[in-house]
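# Fold and geometry: a report
Okay, here's what each chain looks like letter by letter:
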Amino acid sequence: GYQLAEYSLGNLYYYGNGVDKNINEAFNLYKSSANKGNVYAMFELGKMYEKGVGTSIDLELSNKKYKEALKSFVASEDKRPDDNLQYRIAKMFYDGKGTETNVEKAIVYLKKAIELKNENAQYLLAKINLVSENKEEKEESLNWFKAAADSENERAQYYLGKLYLDKDYGIYNEDEGIRLLKMASGNNNSFAQFTLGKSLLDKESKYFDVEQGTSYLTLAADSENEFAQYTLGKAYLTDEYE
């Protein structure tokens, strides 16, 4: 119906697909669609109120919209299992959107979505299991990340690369970390470009390289990665790497 048309049009304005990007117009269309009962528009409104995009920040209203959306998502999933919906519900429980954070509940929905071969669910469950106390779960998770990274999944390449460079996880391997971050950067992951840029600018690293490090930070900054923009700005201000 019309609520779906408004929601779809809202998406076009939000992302600037085929029309000039217009966040305010997107907000109005989502609002109108949500008032007519579109649950996906409600979820988008939750996000916009939370971050102050197209409207001012209103955490109470954001939580209310998230709550309504989550309730409807769960009811819809009960009637007709759908892996994208299961993943969306899991992510809301995991992030505590419209509910208290509940990792156990998130895992229940992630496992349902994984049975339907949902890669996003597999990624999030692997991420949860990597910090698990259970050695088998941790090992299984690591293997999934390796397989996903080999299949050119840039998020897995980034996340695994970052873990290899983090001494707290017990799998520290600088060579492997830099290799994976380079792969993810080549696949346009701006977080990988940022992490790689910072790693190459670390004077303690055997990969220390000012020119390359700065160029990766610039790539990330061009993708509007605000951490990269800040780090780059700070470096230029202080001539830190001269």
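This one's a predicted model, so the numbers in the text were calculated from it and none came from an experiment. Along every chain, residues carry numbers that run from 1 in the direction the sequence is written. Given that the model is predicted, a residue must reach a pLDDT of at least 70 before its local features are reported, and side-chain atom pairs must reach 80 or more before they are shown or counted; all residues, however, enter totals for whole chains, interfaces and linings. With hydrogens and water stripped out, all remaining heavy atoms of the structure feed into the side-chain values.

### Looking at the confidence of the model for the chain
This is how it is decided: A score between 0 and 100, pLDDT records how confident the predictor is in each residue. We count a stretch as a helix when DSSP gives it H or I for four or more residues in a row; a strand needs E for two or more, and each element gets its number in order from the N terminus.
Overall, the prediction assigns the chain a mean pLDDT of 90, with 92% of residues at 70 or greater. Element-level mean pLDDT values for the chain span from 63 in helix α13 (residues 226-238) up to 97 in helix α5 (residues 83-95).

### A look at the nonpolar core
Put simply, the rule reads: To qualify as a nonpolar core, a set must consist of buried Ala, Val, Leu, Ile, Met, Phe, Trp, Tyr and Cys residues joined through side-chain atoms within 4.5 Å. For the exposure calls, accessible area comes from a 1.4 Å probe over protein chains only, and a residue counts as buried if that area is under 20% of its type's maximum, exposed if over 50%, partly exposed in between. Contacts are assigned to residue pairs that have any heavy atoms within 4.5 Å of one another.
Within the largest apolar cluster, 32 residues are counted, with the highest numbers of intra-cluster contacts made by Tyr30, Phe73, Ile89 and Leu110. The set of elements that each furnish at least two residues to this core consists of α1 (2-15), α2 (23-35), α3 (39-51), α4 (59-79), α5, α6 (103-115) and α7 (119-130). Broken down by element, this core gets its largest block of residues, seven residues, from α3. Once you skip the residues sitting within four places of it in the chain, Leu110 turns out to touch Tyr87, Ala90, Ala121, Leu124, Leu125 and Ile128. Counting 14 residues, the second-largest nonpolar core is a separate cluster that includes Tyr123, Ala126, Trp144 and Ala156.

### Details of the side chain of Asn38
Quick reminder of the rule: Distance and chemistry together define a polar contact, namely a pair of N or O atoms within 3.5 Å, with one atom able to donate a hydrogen and the other to accept it when in protein, and with adjacent residues in sequence counting only for side-chain atoms on both sides.
Positionally, Asn38 belongs in the loop between α2 and α3. In this structure the side chain of Asn38 is engaged in a polar contact, spanning 3.0 Å, whose partner is the backbone nitrogen of Ala41. In contact with Asn38, not counting residues within four places along its chain, are Gln3, Leu4, Tyr7 and Ser33.

### Overview of the pattern of salt bridges
Rules: Here, a salt bridge means any Lys or Arg side-chain nitrogen found within 4 Å of an Asp or Glu carboxyl oxygen.
Under the definition given, this model contains nine salt bridges. With a shortest N-O distance of 3.9 Å, Glu50 and Lys51 are connected by a salt bridge. Under the relative-accessibility criterion, Glu50 is labelled partly exposed at 21%. Of the charged contacts, one joins Lys91 and Asp95 as a salt bridge, the two residues approaching to 2.7 Å between their closest N and O atoms. A residue pair is termed a helical-turn pair when its members lie 3 or 4 positions apart in one helix, as Lys91 and Asp95 do in helix α5 at four residues. Overlapping salt bridges, with partners in common, bring together Glu50, Lys51 and Lys97 in one network.

### Describing the side chain of Glu174
Considering the arrangement of structural elements, one finds Glu174 in helix α10 (residues 174-186). Those residues in contact with Glu174 that sit more than four places away from it in its chain are Tyr164, Leu165, Ser205, Lys206 and Tyr207.

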